[in-house]
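Residue strings, one per chain:
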Amino acid sequence: LLGRGRLETIVLTHAVNDALPKNPAPGFDLQAFWLTSARRAFLARAIANQLGSRHELEAFTVGLLQDMAVPVLADRKGAPYVELLARWRDDDEARLDALEREAFDLDHPTLGALMARKWDLPDYLSRAIALHEDPGDEELDPAILFVAKIKEALGHVEEVEADDGDDEAAEAQQEALVSRACDELGLEGPRTAAIVRQAFAQAEAFASQLG
(Lines give C-alpha, C1' and ligand atoms only; values in the text may rest on other atoms or scores of the structure.)
Protein backbone atom coordinates (compact mmCIF):
# COMPACT_ATOMS: atom_id res chain seq x y z
CA LEU A 1 0.00 0.00 0.00
CA LEU A 2 2.76 2.45 0.89
CA GLY A 3 5.25 1.54 -1.79
CA ARG A 4 8.81 0.42 -1.18
CA GLY A 5 10.34 3.90 -1.18
CA ARG A 6 7.97 5.38 1.38
CA LEU A 7 8.21 2.30 3.59
CA GLU A 8 12.01 2.43 3.43
CA THR A 9 11.94 6.06 4.56
CA ILE A 10 9.70 5.26 7.54
CA VAL A 11 11.78 2.27 8.63
CA LEU A 12 15.12 4.08 8.24
CA THR A 13 13.92 7.11 10.17
CA HIS A 14 12.71 5.20 13.19
CA ALA A 15 15.61 2.74 13.17
CA VAL A 16 18.19 5.55 13.17
CA ASN A 17 16.26 7.47 15.82
CA ASP A 18 16.23 4.40 18.09
CA ALA A 19 19.98 3.92 17.59
CA LEU A 20 21.06 7.48 18.38
CA PRO A 21 21.86 8.69 21.92
CA LYS A 22 18.82 10.00 23.78
CA ASN A 23 20.76 12.38 26.05
CA PRO A 24 23.87 13.28 24.03
CA ALA A 25 25.41 15.95 26.28
CA PRO A 26 24.34 18.78 28.59
CA GLY A 27 23.44 21.76 26.44
CA PHE A 28 22.69 19.71 23.32
CA ASP A 29 19.02 20.08 22.40
CA LEU A 30 18.04 16.81 20.73
CA GLN A 31 14.49 18.00 20.11
CA ALA A 32 15.78 21.07 18.29
CA PHE A 33 18.15 18.86 16.29
CA TRP A 34 15.29 16.67 15.05
CA LEU A 35 13.09 19.69 14.36
CA THR A 36 15.72 21.35 12.18
CA SER A 37 16.47 18.05 10.43
CA ALA A 38 12.77 17.51 9.80
CA ARG A 39 12.36 21.03 8.43
CA ARG A 40 15.14 20.44 5.95
CA ALA A 41 13.73 17.04 4.97
CA PHE A 42 10.22 18.32 4.31
CA LEU A 43 11.60 21.33 2.46
CA ALA A 44 13.82 19.10 0.34
CA ARG A 45 10.92 16.83 -0.56
CA ALA A 46 8.57 19.71 -1.38
CA ILE A 47 11.13 21.57 -3.48
CA ALA A 48 12.09 18.36 -5.25
CA ASN A 49 8.46 18.09 -6.25
CA GLN A 50 8.40 21.70 -7.48
CA LEU A 51 11.51 21.13 -9.57
CA GLY A 52 10.10 17.97 -11.10
CA SER A 53 12.69 15.71 -9.50
CA ARG A 54 12.09 11.96 -9.41
CA HIS A 55 13.96 11.71 -6.11
CA GLU A 56 11.53 13.19 -3.60
CA LEU A 57 11.80 10.30 -1.12
CA GLU A 58 15.60 10.11 -1.39
CA ALA A 59 15.76 13.88 -0.85
CA PHE A 60 13.61 13.56 2.26
CA THR A 61 15.67 10.71 3.74
CA VAL A 62 19.02 12.32 3.03
CA GLY A 63 17.83 15.69 4.29
CA LEU A 64 16.66 14.13 7.53
CA LEU A 65 19.61 11.83 8.25
CA GLN A 66 22.69 13.44 6.72
CA ASP A 67 23.70 15.00 10.06
CA MET A 68 22.86 11.94 12.14
CA ALA A 69 26.43 11.74 13.49
CA VAL A 70 26.13 15.14 15.20
CA PRO A 71 24.33 13.75 18.31
CA VAL A 72 26.83 10.88 18.41
CA LEU A 73 29.76 13.30 18.48
CA ALA A 74 28.00 15.33 21.17
CA ASP A 75 27.55 12.15 23.20
CA ARG A 76 31.17 11.01 22.80
CA LYS A 77 32.93 14.38 23.07
CA GLY A 78 30.62 16.07 25.58
CA ALA A 79 30.95 19.72 26.52
CA PRO A 80 33.83 20.51 24.11
CA TYR A 81 31.67 19.49 21.17
CA VAL A 82 28.66 21.48 22.39
CA GLU A 83 30.96 24.50 22.71
CA LEU A 84 32.25 23.87 19.18
CA LEU A 85 28.66 23.90 17.87
CA ALA A 86 28.05 27.22 19.60
CA ARG A 87 31.19 28.74 18.05
CA TRP A 88 30.15 27.50 14.63
CA ARG A 89 26.68 29.01 14.87
CA ASP A 90 28.23 32.37 15.77
CA ASP A 91 30.52 32.38 12.71
CA ASP A 92 28.76 32.69 9.35
CA GLU A 93 31.96 31.80 7.48
CA ALA A 94 32.88 28.66 9.43
CA ARG A 95 32.20 25.10 8.30
CA LEU A 96 31.24 22.59 10.95
CA ASP A 97 33.16 19.71 9.41
CA ALA A 98 36.35 21.80 9.29
CA LEU A 99 36.01 22.79 12.95
CA GLU A 100 35.39 19.16 13.90
CA ARG A 101 38.50 17.95 12.09
CA GLU A 102 40.60 20.64 13.70
CA ALA A 103 39.37 19.79 17.18
CA PHE A 104 38.85 16.01 17.02
CA ASP A 105 40.49 14.73 13.80
CA LEU A 106 37.03 13.51 12.77
CA ASP A 107 33.98 15.13 11.20
CA HIS A 108 30.28 14.32 11.19
CA PRO A 109 30.04 13.50 7.45
CA THR A 110 32.80 10.88 7.75
CA LEU A 111 31.41 9.39 10.95
CA GLY A 112 27.86 9.43 9.60
CA ALA A 113 28.91 7.56 6.47
CA LEU A 114 30.75 4.96 8.58
CA MET A 115 27.61 4.51 10.68
CA ALA A 116 25.46 4.10 7.57
CA ARG A 117 27.77 1.45 6.13
CA LYS A 118 28.02 -0.36 9.46
CA TRP A 119 24.22 -0.49 9.64
CA ASP A 120 23.95 -1.63 5.99
CA LEU A 121 21.86 1.38 5.04
CA PRO A 122 21.29 2.06 1.32
CA ASP A 123 24.41 3.04 -0.59
CA TYR A 124 22.91 6.33 -1.81
CA LEU A 125 22.43 7.37 1.82
CA SER A 126 25.95 6.60 3.01
CA ARG A 127 27.41 8.39 -0.04
CA ALA A 128 25.14 11.39 0.46
CA ILE A 129 26.12 11.65 4.12
CA ALA A 130 29.82 11.42 3.30
CA LEU A 131 29.65 14.15 0.63
CA HIS A 132 26.87 16.45 1.79
CA GLU A 133 29.17 19.24 2.96
CA ASP A 134 31.27 19.23 -0.21
CA PRO A 135 29.88 17.20 -3.14
CA GLY A 136 32.40 18.74 -5.55
CA ASP A 137 32.15 18.01 -9.26
CA GLU A 138 32.02 14.23 -9.03
CA GLU A 139 29.48 12.28 -11.05
CA LEU A 140 27.16 11.27 -8.25
CA ASP A 141 23.69 9.82 -7.85
CA PRO A 142 21.12 12.50 -8.71
CA ALA A 143 19.63 12.34 -5.22
CA ILE A 144 23.00 13.23 -3.69
CA LEU A 145 23.52 16.23 -5.95
CA PHE A 146 19.94 17.36 -5.50
CA VAL A 147 20.02 17.42 -1.70
CA ALA A 148 23.43 19.10 -1.72
CA LYS A 149 21.88 21.82 -3.86
CA ILE A 150 18.92 22.13 -1.48
CA LYS A 151 21.23 22.37 1.51
CA GLU A 152 23.33 25.03 -0.19
CA ALA A 153 20.20 27.02 -0.98
CA LEU A 154 18.51 26.63 2.39
CA GLY A 155 21.49 26.69 4.73
CA HIS A 156 22.94 24.33 7.32
CA VAL A 157 20.43 22.36 9.32
CA GLU A 158 21.60 23.97 12.57
CA GLU A 159 21.00 27.44 11.13
CA VAL A 160 17.25 26.80 11.33
CA GLU A 161 16.77 26.02 14.97
CA ALA A 162 13.70 25.42 17.11
CA ASP A 163 12.00 28.76 17.71
CA ASP A 164 10.51 27.90 21.14
CA GLY A 165 7.16 29.31 20.12
CA ASP A 166 8.62 32.61 18.92
CA ASP A 167 6.40 33.40 15.91
CA GLU A 168 8.54 36.33 14.80
CA ALA A 169 11.69 34.19 14.79
CA ALA A 170 9.92 31.47 12.80
CA GLU A 171 8.66 34.00 10.27
CA ALA A 172 12.14 35.47 9.86
CA GLN A 173 13.56 31.99 9.27
CA GLN A 174 10.92 31.25 6.67
CA GLU A 175 11.49 34.53 4.85
CA ALA A 176 15.22 33.83 4.66
CA LEU A 177 14.58 30.34 3.30
CA VAL A 178 12.14 31.64 0.67
CA SER A 179 14.64 34.26 -0.47
CA ARG A 180 17.48 31.76 -0.85
CA ALA A 181 15.32 29.17 -2.56
CA CYS A 182 14.04 31.73 -5.08
CA ASP A 183 17.47 33.23 -5.75
CA GLU A 184 19.42 29.99 -6.06
CA LEU A 185 16.82 27.55 -7.39
CA GLY A 186 14.75 29.88 -9.53
CA LEU A 187 11.47 29.20 -7.74
CA GLU A 188 8.49 31.55 -7.62
CA GLY A 189 8.10 33.60 -4.42
CA PRO A 190 4.47 33.24 -3.24
CA ARG A 191 4.34 29.54 -4.06
CA THR A 192 7.66 28.92 -2.32
CA ALA A 193 6.48 30.83 0.76
CA ALA A 194 3.47 28.52 1.00
CA ILE A 195 5.73 25.48 0.60
CA VAL A 196 8.02 26.66 3.40
CA ARG A 197 5.10 27.33 5.77
CA GLN A 198 3.67 23.91 5.10
CA ALA A 199 7.06 22.23 5.51
CA PHE A 200 7.58 23.91 8.90
CA ALA A 201 4.16 22.73 10.08
CA GLN A 202 4.75 19.18 8.85
CA ALA A 203 8.21 19.08 10.40
CA GLU A 204 6.94 20.15 13.80
CA ALA A 205 4.40 17.32 13.90
CA PHE A 206 6.97 14.82 12.57
CA ALA A 207 9.76 15.83 14.96
CA SER A 208 7.45 15.51 17.97
CA GLN A 209 7.48 11.75 17.32
CA LEU A 210 11.29 11.65 17.43
CA GLY A 211 13.81 13.29 19.82
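Our structure is the block above this text.
The structure reproduced in this document is the subject of the present report. Since the structure is predicted, the reported quantities are computational estimates derived from the model, not experimental observations.

1. Describing the packing of helix H7 (residues 108-118) against helix H8 (residues 123-131)
Moving on, step 1. Following both chains from N to C, one finds H7 and H8 inclined at 170°, their axes separated by 7 Å at the closest point. With respect to each other, H7 and H8 are oriented roughly antiparallel. Of the residues in H8, those in contact with Pro109, Gly112, Ala113, Ala116 and Arg117 of H7 are Ser126, Ile129 and Ala130.
Moving on, step 2. Of the residues assigned to the contact of H7 with H8, the class counts are five nonpolar, two polar and one charged.

2. A look at a negative patch on the surface
Moving on, step 1. Taken together, the side chains of Asp90, Asp91, Asp92 and Glu93 make up a negatively charged region of the molecular surface.
Moving on, step 2. Along the chain, the position of Asp90 falls in the loop between helix H5 (79-89) and helix H6 (96-104).

3. Section: unusual backbone geometry
Moving on, step 1. The phi dihedral of Asp105 falls on the positive side, at around 60°, and the residue is not glycine.
Moving on, step 2. Within the secondary structure, Asp105 sits in the loop between H6 and H7.
Moving on, step 3. On the basis of relative accessibility, which here comes to 72%, the residue Asp105 falls in the exposed class.
Moving on, step 4. The phi angle at Asp120 is positive, at roughly 60°, despite the residue not being glycine.
Moving on, step 5. Inspection of the secondary structure puts Asp120 in the loop between H7 and H8.
Moving on, step 6. On the basis of relative accessibility, which here comes to 68%, the residue Asp120 falls in the exposed class.

Procedures and definitions
- Residues numbered from 1 in each chain as written.
- Predicted model: local features only at pLDDT ≥ 70, side-chain atom pairs only at ≥ 80, totals over all residues.
- Heavy atoms only, no water.
- Axes fitted to C-alpha atoms, helices over the stretch in contact; angles between N-to-C directions.
- Helix = DSSP H or I, 4+ residues; strand = E, 2+ residues; numbered from the N terminus.
- Parallel < 35°, antiparallel > 145°, perpendicular 65-115°, else oblique.
- Contact = heavy atoms within 4.5 Å.
- Nonpolar A, V, L, I, M, F, W, Y, C, P; charged D, E, K, R; others polar.
- Patch = residues over 30% accessible without salt bridge, like charges linked within 9 Å, V, L, I, M, F, W, Y side chains within 5 Å.
- Areas by Shrake-Rupley, 256 points an atom, 1.4 Å probe, with all protein chains shown as cover.
- Salt bridge = Lys/Arg side-chain N within 4 Å of Asp/Glu carboxyl O.
- Lys, Arg positive; Asp, Glu negative; His and termini not counted.
- Charge placed at Lys NZ, Arg CZ, Asp CG, Glu CD.
- Buried < 20%, exposed > 50% of the residue type's maximum accessible area, 1.4 Å probe, protein only.

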